[in-house]
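# Overview (structure and organization)
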Amino acid sequence: MTTRRNFIKKTSAGTAGLTFGGMLFSSASYGRILGANDKINCAVIGVRSRAKAHVKAIHADPNATILYSCDVDDVIIEEHNVWCQENIGYVPKVEKDFRKILEDKKVDAVFIATPEHWHAPMAILALQAGKHVYVEKPCSHNPHENELLTAAQRKYGKKVQMGNQQRSAITSISAIKDIWEGIIGDVYKGEAYYSNNRGSIGKGTVIDVPKTLDWELWQGPALREKYKDNVHPYNWHWFRNWGTGEIHNNGTHEIDICRWALGVDLPNSVTSFGGKYTYDDDWEFVDNQQVTFSFDNDKFITWTGHSRGIMKPERPGRGITIYGSKGSIMLDRNFYQLYDLQGNLLKEEKEGGASETTNTRGEGQLDVNHVGNFFNAIRQDESLHADIQDASITTMLCHLGNMAQDAGETLKIDTATGKVLNNEMAMNFWKREYAPGWEPKL
């Protein structure tokens, strides 16, 4: 695996340093400057919300085309077709079954923005079909899928980028470079937080599956359940059969930047406190959580997740603070701020284009940067900013956070494999049970 220091050097040279005539260019625009004229044909799978950011980022590259839009819900597809015509000027071909798209040899890359239980199985099938993959975070529904997906990438050799787009933020790359050069001394703590005020999802009622929805294909590798009126299209996030809770849904982003800044991989131990404190509804995960990851050299990362209850006093909806012996750095998707030990602001940088932080689409300039980096990796073998071999480690931390919460005790971790030591109950969550015939395999 690329070392943190070399990774930072490559990303800072490949993105932050792209200055020509006083202008700063994104990875996508840099590809145009280099004359990267190889056409990339794409398919976007799962097109309700987050995929809109993918589509705009793909469209920002003049040599990329979306051949297919894919979704199992006809209502979502119809809305997306109208949106595509209005926003990118054409309507891609529609396909309801993604497996037919994988059979099309003209497709070079697939973008996966489906429910999370499909991320790794679909990415593996795409790799087996010879496609490059951009997969939304988290890259897996369980640790076993992490192992399969990283092994599949090594086996088939295609590019796999995870959608933790802050890795492509000019300001974050600049901050990490400064950290590694000692601007705040010896770093020891990364503090990540997310704050929202999600309402109740109620108690679902079993109803007939809408005629516009292919519920069988929607469920795919998940165990079969009857259709309820409070699951699709968004609340699946809070059900264990399909989702992975807030630590994956949003914590992945900030925990990832903390890992990057501290130069750490898998933790020695994980502790989680939290609970479901707000509504009496079908939500199956904790809705407020505090996780601590401990690493070698007395480094640690904390994640504070407030899914349902805004953090007070007023703080941004999400963010990161990195602490060092000489100062601290605050980051989010749109800025970098440097402070001394007395809390005085010494330096501030802002992104050239803003990105959304707490809505379900999360759209902005970082998507253009991140997708541009993905395309440059395909065309020119540029280093991926969120290569799946590294990005999967962040996903593993989030899995361990959920496992520690369920276990109700501190988990000791094998830092070579991520597996929990001496805790059979926790390891029961390493792999899910799959629907017959749907288990992903290499």
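Let me sum up the structure you'll find in this document. This structure is a prediction, so every number in the text was calculated from the model and none was measured.

What follows deals with the packing of helix 8 (residues 170-180) against helix 11 (residues 251-262). At a closest axis distance of 9 Å, the pairing of helix 8 and helix 11 adopts a crossing angle of 30°. Contact with helix 8, carried on its side by Ser172, Ile173, Ile176, Ile179 and Trp180, involves Ile257, Trp260 and Ala261 of helix 11 and no other residues of that element.

This brings us to the side chain of Asn146. Position of Asn146 among the secondary structure elements: in helix 7 (residues 143-156). Taking relative accessible area as the criterion, Asn146 reaches 4% and is therefore assigned buried. What Asn146 contacts, discounting residues up to four positions off in sequence, is Cys139, Ser140, Ser392, Thr395 and Met396.

Ordered by their spatial adjacency, 6 strands build an open sheet running 5-4-3-6-7-8, and the pairing between neighbours is parallel. The sheet terminates laterally at strand 5 (93-95) and strand 8 (160-162), the two strands that pair on one side only. Across this sheet, the average inter-strand angle for adjacent strands is 20°, counted without regard to direction. Note that strand 6 (residues 109-112) and strand 7 (residues 132-135) share 4 bridges and pair parallel.

A few words on the pairing of strand 3 (residues 40-45). Of all 6 residues in strand 3, 6 are buried; the element is thus mostly enclosed. The two faces of strand 3 match: Ile40, Cys42 and Val44 on one face and Asn41, Ala43 and Ile45 on the other face are all buried. Pairing of strand 3 with strand 4 (residues 64-70) involves 6 bridges; the strand directions are parallel. Each bridged residue has a counterpart across the sheet, and for Ile45 the counterpart in strand 4 is Cys70. Relative to strand 6, strand 3 runs parallel, the two sharing 4 bridges. Within the sheet, the bridge partner assigned to Ala43 lies in strand 6 and is Val110.

This part takes up the sheet that holds strand 15 (residues 335-340). The 9 strands lie next to each other as 16-15-14-13-9-12-11-10-17, forming an open sheet whose pairing is mixed. Sheet topology places strand 16 (345-350) and strand 17 (411-412) at the edges, where each strand pairs with a single neighbour. Of the pairings in the sheet, the one linking strand 9 (residues 187-195) to strand 12 (residues 300-306) comprises 7 bridges and is parallel in character. The residue bridging Ser195 from the neighbouring strand is His306, located in strand 12.

A few words now on helix 3 (residues 50-59). Spacing of three or four residues puts side chains on the same side of an α-helix, whose turn is 3.6 residues. Buried residues dominate helix 3, accounting for 8 of its 10 residues. Considered for burial, the residues of helix 3 that qualify are Arg50, Ala51, Lys52, Ala53, His54, Val55, Ala57 and Ile58. Contact partners of the buried residues in helix 3: strand 3, strand 4, helix 4 (74-87), strand 6, strand 7 and helix 12 (365-380).

Another point: the nonpolar core. Counting residues in hydrophobic clusters, the biggest one holds 44 residues, and the most contacted among them are Val110, Val133, Trp218 and Trp242. Looking at this core element by element, the count peaks at 5 residues for helix 6 (residues 119-128). Both of domain 1 (40-165) and domain 2 (167-357 + 388-429) provide at least three residues apiece to this core. If sequence neighbours within four positions are ignored, Trp242 has contacts with Glu116, His117, His141, Trp215, Trp218, Ala222, Glu225, Val231 and Trp236. Of all hydrophobic cores here, the second largest spans 42 residues; its members include Ile255, Ile257, Phe295 and Met403.

Counting through the fold element by element, Asn334 comes out in the loop between strand 14 (327-331) and strand 15. Asn334 sits in the buried class, given a relative accessible area of 19%. Sequence separation between Asn334 and Ala354 is 20 residues; the distance between their C-alpha atoms is 5.9 Å.

Parameters and conventions
- Residues numbered from 1 in each chain as written.
- Predicted model: local features only at pLDDT ≥ 70, side-chain atom pairs only at ≥ 80, totals over all residues.
- Heavy atoms only, no water.
- Axes fitted to C-alpha atoms, helices over the stretch in contact; angles between N-to-C directions.
- Helix = DSSP H or I, 4+ residues; strand = E, 2+ residues; numbered from the N terminus.
- Contact = heavy atoms within 4.5 Å.
- Buried < 20%, exposed > 50% of the residue type's maximum accessible area, 1.4 Å probe, protein only.
- Pairing = 2+ DSSP bridges.
- Core = buried A, V, L, I, M, F, W, Y, C linked by side-chain atoms within 4.5 Å.
- Domains from an automatic or database assignment.

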